[in-house]
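# Structural characterization, general
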Amino acid sequence: MRFIFAPMEGVTAFPFRRLHAELFPGADTYYAPFLAPDGSGRCRAGRLRDILPENNQGLQLIPQILCGKAEPFLILSRELAAMGYREVNLNAGCPSATVVPKHKGAGLLLDLSALDDFLAEVFSHCPMEISVKTRLGITSPAEFPAILEIYNKYPIVELTIHARDRAGMYRSQPDLAAFAAAVQCSRNPVCYNGNIFAPSDLAAVQAQIPDLGSVMAGRGAAANPALFRQLRGGPALEAGELRDFLFRLESAYLAAGYSEQGTLARLKELWYYMIHMFPESGRSINRLNKAQSLSDYEIAVRALFAGNCFSPSAAFVG
Ligand SMILES: Cc1cc2nc3c(=O)[nH]c(=O)nc-3n(C[C@H](O)[C@H](O)[C@H](O)COP(=O)(O)O)c2cc1C
């Protein structure tokens, strides 16, 4: 089984990925959060910095593009190829209301004939292998057979299926039956994505699809950095290693040039997922959420660990 850390904009930037890979090896591959090129294929320097090879040494990283037009996709993919990347991922899953109406992300699934034209163009000219990360449809997984017919026309190196439609955002129950049907009918290798928060969740997917080759997890691995180790049969997360990870992560963001406020925002976002392992955290989490400086934040984190309420089996539940 191949394990993939999902892209998470605002959470899995390069300082996070590097430290995670060092302290919690277990993910074979990391997908970078999306790059969104403008009409001429350019994206913000800060976003490109996230995928520079020198910032991702030792990681198997796949950059991702969020784009609905072939030309900017191809310009940016040539730039990525020049950096040494061999694979680029197409985002066909982002459900955001600011993205979908522009026929990007899951919005690519709105018009299947346009999707076909887009894929025909990028597969003819892209200098790299292309993988796709998709949802099952816009308003219903019943849309997927027609979508898959299009995907099947192209040599997609890996088709990651987030087993929800766009309407389900991150809340609806993943549709395992629709996913299993897609695995049967896909000509390309398929990766499962959606609500893998604990080994029992993976077991439930494997019960339906025993020969599944790869699995991607996002929020579960943000909530519990040892998730991939546990999915491989290893031990549960310990409080000491989590504490070490968090303090080193703070230093890693600062060393990478993130401002104090930028670092604080990213750490708070991560705690949105991690706090589930601290049931009964009470006032400490309020203090953490209200922290205006890293020193306030550190006081709140120390109080959380001193509170003896760490419970690694209290997994994130979506
Ligand atoms: C905060 C956040 C940021 C995300 N950023 C991206 C992204 O940049 N690209 C992408 O393809 N998916 C993105 N996703 C979706 C995840 O990669 C993943 O498909 C989704 O969370 C379902 O998997 P999970 O249940 O394991 O979290 C994001 C999700 C969240 C919650």
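So, here's what we can say about the structure. Sequence order sets the numbering: in each chain, residues are counted from 1 along the sequence as written. At least 70 in pLDDT is required for a residue's local features to be given in this predicted model, at least 80 for side-chain atom pairs to be given and counted, and no such filter applies to totals for whole chains, interfaces and linings, which use all residues. No hydrogens and no water enter the side-chain calculation; it runs on all heavy atoms of the structure.

### Concerning the sheet that holds strand β5 (residues 87-92)
- With parallel pairing, nine strands are arranged side by side in an open sheet as β3-β2-β1-β9-β8-β7-β6-β5-β4. Across the chains shown, the open sheet's two edge strands, defined by having one partner strand only, are β3 (61-62) and β4 (64-65).
- Two elements, β4 and β5, share two bridges in a ladder whose sense is parallel. By the bridge assignment, glutamine 64 is partnered in β5 with asparagine 89. Pairing between strands requires that DSSP locate at least two bridges from one strand to the other. Here a strand is any run of E in DSSP of at least two residues, a helix any run of H or I of at least four, and the numbering for each starts at the N terminus.

### Brief notes about the side chain of threonine 160
- Of note, threonine 160 is situated in strand β7 (residues 159-165).
- Buried residues are those whose accessible area, probed at 1.4 Å on protein chains only, stays under 20% of the maximum for their type, while exposed residues exceed 50% and partly exposed ones sit between those limits. Threonine 160 gets classed as buried once you look at its relative accessible area, which sits at 0%.
- The criterion used for residue contact is that any of the two residues' heavy atoms lie within 4.5 Å. When neighbours within four sequence positions are excluded, threonine 160 is seen to be in contact with Tyr31, Val132, Lys133, Thr134, Cys191, Asn193 and Met216.

### Let's talk about the site of the ligand
- Working definition: residue near molecule or strand if any one of its non-hydrogen atoms lies within 4 Å of it. In the vicinity of the ligand lie 19 residues, with Pro7, Gln64, Asn193, Asn195 and Arg219 positioned nearest.
- Counting of polar contacts relies on pairs of N or O atoms within 3.5 Å, with two restrictions inside protein: one atom must be capable of donating a hydrogen and the other of accepting it, and residues adjacent in sequence are counted only when both atoms are side-chain atoms. Measuring from an oxygen atom of the ligand, one finds a backbone N or O atom of proline 7 at 2.8 Å.
- Contact distances for the ligand include 2.7 Å between an oxygen atom and a side-chain N or O atom of arginine 219.
- In this analysis a 1.4 Å probe is tested at points of a 1 Å grid over the protein atoms alone, and where it fits but cannot get out there is a cavity; an open set with protein on both sides within 12 Å along at least five of seven lines is a pocket; lining residues have an atom within 4 Å of a point. Assignment of a molecule to a cavity or pocket requires that more than half of its atoms lie within 2 Å of the corresponding grid points. Comparing atom positions with the cavity grids shows the ligand to sit within the largest pocket.
- Partitioning the shell around the ligand into residue classes produces eight nonpolar, seven polar and four charged. Note that Gly is not counted as nonpolar here; it falls among the polar residues with everything else outside the nonpolar set of Ala, Val, Leu, Ile, Met, Phe, Trp, Tyr, Cys and Pro and the charged set of Asp, Glu, Lys and Arg.

### Concerning the nonpolar core
- Among buried residues, those of type Ala, Val, Leu, Ile, Met, Phe, Trp, Tyr and Cys that are joined through side-chain atoms within 4.5 Å constitute a nonpolar core. Grouped together as the largest cluster of nonpolar side chains are 103 residues, with contacts concentrated most on Phe73, Leu119, Tyr151, Trp271 and Tyr297.
- Tyrosine 151 has contacts with Ala92, Leu109, Leu115, Leu119, Val132, Thr134, Phe144, Ile156, Leu159 and Asn188, leaving out every residue within four places of it along the chain.

### Things to note about helix α6 (residues 176-185)
- Turning to α6, its buried residues are Leu176, Ala178, Phe179, Ala180 and Ala182.
- If you follow the buried residues of α6, they end up packed against β6 (129-137), α5 (144-151), β7, β8 (190-193) and α7 (199-208).
- Structurally, the start of α6 carries an N-cap: the backbone nitrogen of alanine 177 is 3.3 Å from a side-chain oxygen of aspartate 175.

### Quick notes on the pattern of salt bridges
- Any carboxyl oxygen of Asp or Glu that lies within 4 Å of a side-chain nitrogen of Lys or Arg is treated as forming a salt bridge with it. In the structure shown here, the tally under the stated rule is seven salt bridges.
- Aspartate 116 is the salt-bridge partner of lysine 153, the closest N and O atoms lying 2.6 Å from each other. Here lysine 153 is found in the loop between α5 and β7, whereas its partner aspartate 116 is found in helix α4 (residues 112-125), with 37 residues between them in sequence.
- Glutamate 241 is paired through a salt bridge with arginine 229; the nearest N and O atoms lie 2.6 Å apart. Taken together, the positions of glutamate 241 in helix α10 (residues 239-255) and arginine 229 in helix α9 (residues 227-231) put the pair 12 residues apart, joining distant regions of the chain.
- Classification of glutamate 241 as partly exposed rests on a relative accessible area of 23%.

### Focus: the layout of surface pockets
- Its boundaries defined by the atoms lining it, the largest pocket holds a volume of some 810 Å³.
- Around the largest pocket, the lining comprises 39 residues; the ones closest to its centre are Pro7, Met8, Glu9, Pro95 and Tyr170.
- Those elements giving two or more residues to the lining of the largest pocket turn out to be β6, β7, α8 (219-223) and α11 (260-274).
- Grouping the constituent residues of the lining of the largest pocket by class yields 18 nonpolar, 12 polar and nine charged. Grid points are joined across faces, edges and corners, and a volume is the space filled by probe spheres set on the points.

### A short note on the packing of helix α12 (residues 283-290) against helix α13 (residues 294-306)
- Lines are fitted to the C-alpha atoms to define the axes, a helix being fitted only along its stretch in contact, and any angle between axes, read from their N-to-C directions, falls within 0 to 180 degrees. At a closest axis distance of 8 Å, the pairing of α12 and α13 adopts a crossing angle of 160°. Compared by their axis directions, α12 and α13 come out roughly antiparallel. The handedness of the crossing between α12 and α13 is left-handed. Here Ser284, Ile285, Arg287 and Leu288 of α12 come into contact with α13, specifically with Tyr297, Ile299, Ala300, Val301, Ala303 and Leu304.
- Considering only residue class, the contact of α12 with α13 consists of eight nonpolar, one polar and one charged. Working rule for angles: under 35 degrees goes down as roughly parallel, over 145 as roughly antiparallel, 65 to 115 as roughly perpendicular, anything else as oblique. By definition, turning the near helix anticlockwise from the far helix through less than a right angle yields a left-handed crossing, and turning it clockwise yields a right-handed one.

### Notes on the pairing of β8
- Residues Val190 and Tyr192 line one face of β8 and the alternating positions Cys191 and Asn193 line the opposite face, and both faces are buried.
- Note on handedness: a clockwise path from strand one over the helix to strand two, with the strands aimed away from the viewer, defines a right-handed crossover. A crossover connection joins β7 to the parallel β8 through α6; in handedness this β-α-β unit is right-handed.
- When β8 meets strand β9 (residues 214-217), the two strands line up parallel, connected through three bridges. Within β9, the position partnered with asparagine 193 by the bridge is methionine 216.
- This β-α-β element, β8 to α7 to β9, shows right-handed connectivity.

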